[in-house]
Amino acid sequence: MYALDFSVLLDAKNLIWQGLLITLQVSLLSSIFAFLLAVLITYLRDLPNKWIVWITNAYIELARNIPLLIQLYIIYKVYPHFGLSFSPINCGILALSIYTAAYISEVLRSGMNSIASQQKQAALALGLNSLQTFWLITFPQAIRIVIPTLGSQFINLIKNSSLVSFIAVVDIFYVIYKGAADDFRIYEYFLLGTLIYMGLTGVVAIITNIIEKSLKVYGREAKV
Amino acid sequence: MNDIIANSDLLFKGLRITLMLGILSGVTSLVLGTLLGLARYSNITPLKICAATFIEITRSIPLVLYIVFIYLTCSPILGQINIFHDEIFGSLEFQSAFIALSLFTSAYIAEIVRSGLKSVETTQIQAAKALGLNIFQRLKYVILPCAISRMMPALVSQFISLIKDTSLASIIGLIEFTRSGEIIYERTYNETQILALVALVYFVICYGMSQFSKKLEQRPFGIIKLGF
Amino acid sequence: MIKIINLSKYFGKTRILNNINLEVEQGEIITLIGTSGCGKSTLLKCIDGLEKPSSGKIYIDNIDITSKNTNLNQIRTRLGIVFQQFNLFPHMTVKQNITLAPIKVKEMSKNEAEFVAMELLEKVGLLDKINKYPDELSGGQAQRVAIARSLAMKPDIMLFDEPTSALDPQMTMEVLDTLKNLAQDGMTMIVVTHEMKFAKEVANRIILMSHGEIIEQNNPTEFFDNPQKQITKDFLESVNL
Ligand SMILES: Nc1ncnc2c1ncn2[C@@H]1O[C@H](COP(=O)(O)OP(=O)(O)O)[C@@H](O)[C@H]1O
Ligand SMILES: [Mg+2]
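Described in the following lines is the structure provided in the data block.

Conventions used here
Residues numbered from 1 in each chain as written. Chains lettered and ligands numbered in written order. Predicted model: local features only at pLDDT ≥ 70, side-chain atom pairs only at ≥ 80, totals over all residues. Heavy atoms only, no water. Contact = heavy atoms within 4.5 Å. Buried area = accessible area lost by both parts, 1.4 Å probe. Salt bridge = Lys/Arg side-chain N within 4 Å of Asp/Glu carboxyl O. Polar contact = N/O pair within 3.5 Å; in protein donor to acceptor, adjacent residues only side chain to side chain. Helix = DSSP H or I, 4+ residues; strand = E, 2+ residues; numbered from the N terminus. Nonpolar A, V, L, I, M, F, W, Y, C, P; charged D, E, K, R; others polar. Pairing = 2+ DSSP bridges. Axes fitted to C-alpha atoms, helices over the stretch in contact; angles between N-to-C directions.

### Some thoughts on the interface of chain C and chain B
Logical step 1: With 26 residues of chain C in contact, the opposing surface of chain B contributes 20 residues.
Logical step 2: For the pair chain C and chain B, the summed buried area comes to about 2200 Å², and 66% of that belongs to carbon and sulfur atoms.
Logical step 3: Of all residues in chain C, Phe89, His91 and Lys104 of chain C bury the most surface against chain B, accounting for 28% of the area lost on that side.
Logical step 4: Across the chain C-chain B interface, the total number found is 0 salt bridges.
Logical step 5: Summed over the shared surface of chain C and chain B, the result is 6 residue pairs in polar contact (both at pLDDT 80 or more).
Logical step 6: Looking at the side of chain C that touches chain B, the elements with two or more residues in it are helix 2 (72-76), strand 6 (79-82), helix 3 (94-104) and helix 5 (139-151) of chain C.
Logical step 7: The greatest single-element share of the side of chain C that touches chain B, amounting to 6 residues, is contributed by helix 3 of chain C.
Logical step 8: Residues of the side of chain C that touches chain B, tallied by class, amount to 13 nonpolar, 6 polar and 7 charged.

### Thoughts on the sheet that holds strand 3 (residues 29-33) of chain C
Residues and elements named next belong to chain C.
Logical step 1: The strand order across the open sheet formed by 6 strands is 6-7-8-3-9-10, and the pairing between neighbours is mixed. Two strands close off the open sheet at either side, each with one partner strand: strand 6 and strand 10 (213-218). Along the sheet, successive strands turn relative to each other by an average axial angle of 15 degrees, direction set aside.
Logical step 2: Strand direction decides the pairing type here: strand 9 (residues 205-210) and strand 10, joined by 5 bridges, are antiparallel. Bridging across to strand 10, Ile206 finds its partner in Asn218.
Logical step 3: Taken strand by strand, helix 5 contacts strand 6 and strand 7 (157-161), and its axis lies near 170 degrees from that of strand 6.

Shown next, in the form of structure tokens:
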């Protein structure tokens, strides 16, 4: 019988803490960049310019149909050949942001599509320009509708952040994996890893819920 | 270019493993996921709780964690069983990756199945009941056909994710497509061409699947042929 | 034919049906009226076993359908129910919608079931739609197909839950005509409706429900010309004939 011995985790607590901080740092920064990039893409895709729409669509298809690991390797291994060198952790943040932004912008677009086109026409008819129409009229309505789906994208991002360990960034997954394999304390480490990731994704789920509720109080809700 | 041609054997072998892993765990997770989804949709409380627990835990942790956990815990057992003597299927890495990907994906498919089932209106189900159809007939002729056509887009994108996810099996040393590319550029230092090729191949497979799924969406019930 | 004794139904803590007692004879045509939310649909669903009563008994031809030992699916083949929202199966053609239950539940041969389907479609005037899908039909047509689908099981009793509420006046006429034909054929029917003219012309008995209780029941002449209860008078005033 395997006897659980959690003291190994106490011995490694400094490493675990550092790994957790790296995971938090990567996830948080990538979330912010991914969201901003996605908003920009969503705006560009709504413009009446064929070329811009084509380019943004191409970006989204490429980002969604190539494994994140390959995108990460390309940034880490190929970009330096073209004079673009980043630290491993920044490579991770860049890859996660680009990858997740494509998914988020799809979510935002489905929200935009569910807003009646009369809203946009009415705004344009009032003399608002395309940026004002987007920022003041269509986007605020769209984001309310898609908040639950958006939340699950950020949850995916946290889980995907574990891929930075493939380019030797010591995040929480790396600490767990190395600890489990090197100390032969598989169950202790994996139990901890499961709890940490459940905790992190759980927090995002709760935040999503709170935002969803608070937005419902103000302003009329758009029905999907 | 020469590096690619010189190593095309390794690349093809890697691609074969990637595709086999994807297809095998795709089929397995479809079966497993449907059962789990039905269990969570059912009214049988213990079944429901077990399914929900497995699904929720699996969905909250990263796939790499899952893969290495299965590899570290199962490979001693798998090594003893040792049923397949095939070069590919017999490897502990392949078997572990297959188990991990199947279990992991089945949790996501279960949720797709459950929300597909839930999307069938109660009024439809009542109409079927009122005609005297029993639970199995209701599932077979009314609930599943309606649910499946609504589930298709989500299922296809789950399979696209699965194909992309097979690349993570390289962490336990399985020489699938990504790892075979990695081995070649570690030897030749030709990262640019090899990663571009690898990316292109994944793109063609995954983009092809997504376009196929869009075709299906254009004719909602076209995929379901009813013969009774 | 139908006998309901002390039927009550709760959803959670709210009482929806309160001590309903009702008997329906063979060939009777009953219209059930009352304000929205008073429990009409719930009553029909209880009769068809789609909702389980919280207490009380329901007998169909002396078979207790609330008993655990009763095979509900078998009883249901003797009852047909038509809903406000038609509920045709969207992935099946009109023919498949109608023949599904006869083939699967009554184990009719495919040819026989298709013959029955054609007969019924002829009767409701929709034979030309036999190979169409539900989304290719108008509301009135869809509702008549739904009626044909129920009739294909050769039921002894038909329950209608506001069959015309989702339809415009023209389509309402089409569907009510189908109902009148059924009545002339001697079908036992319970019809929930807001069409007072139909109730007056076709029904043998009118039942008014309010807050889950039967308030008043009588033949149409008495019911409309000589209502006994204040609630009935108020209701009749509100629908102003
Ligand atoms: N499945 C249910 N769960 C909870 N309440 C219900 C359910 N079905 C109906 N009700 C409630 O029961 C009441 C009666 O409903 P219903 O029988 O549909 O009324 P009617 O058909 O007369 O309009 C309503 O207040 C409704 O909200
Ligand atoms: Mg009703």
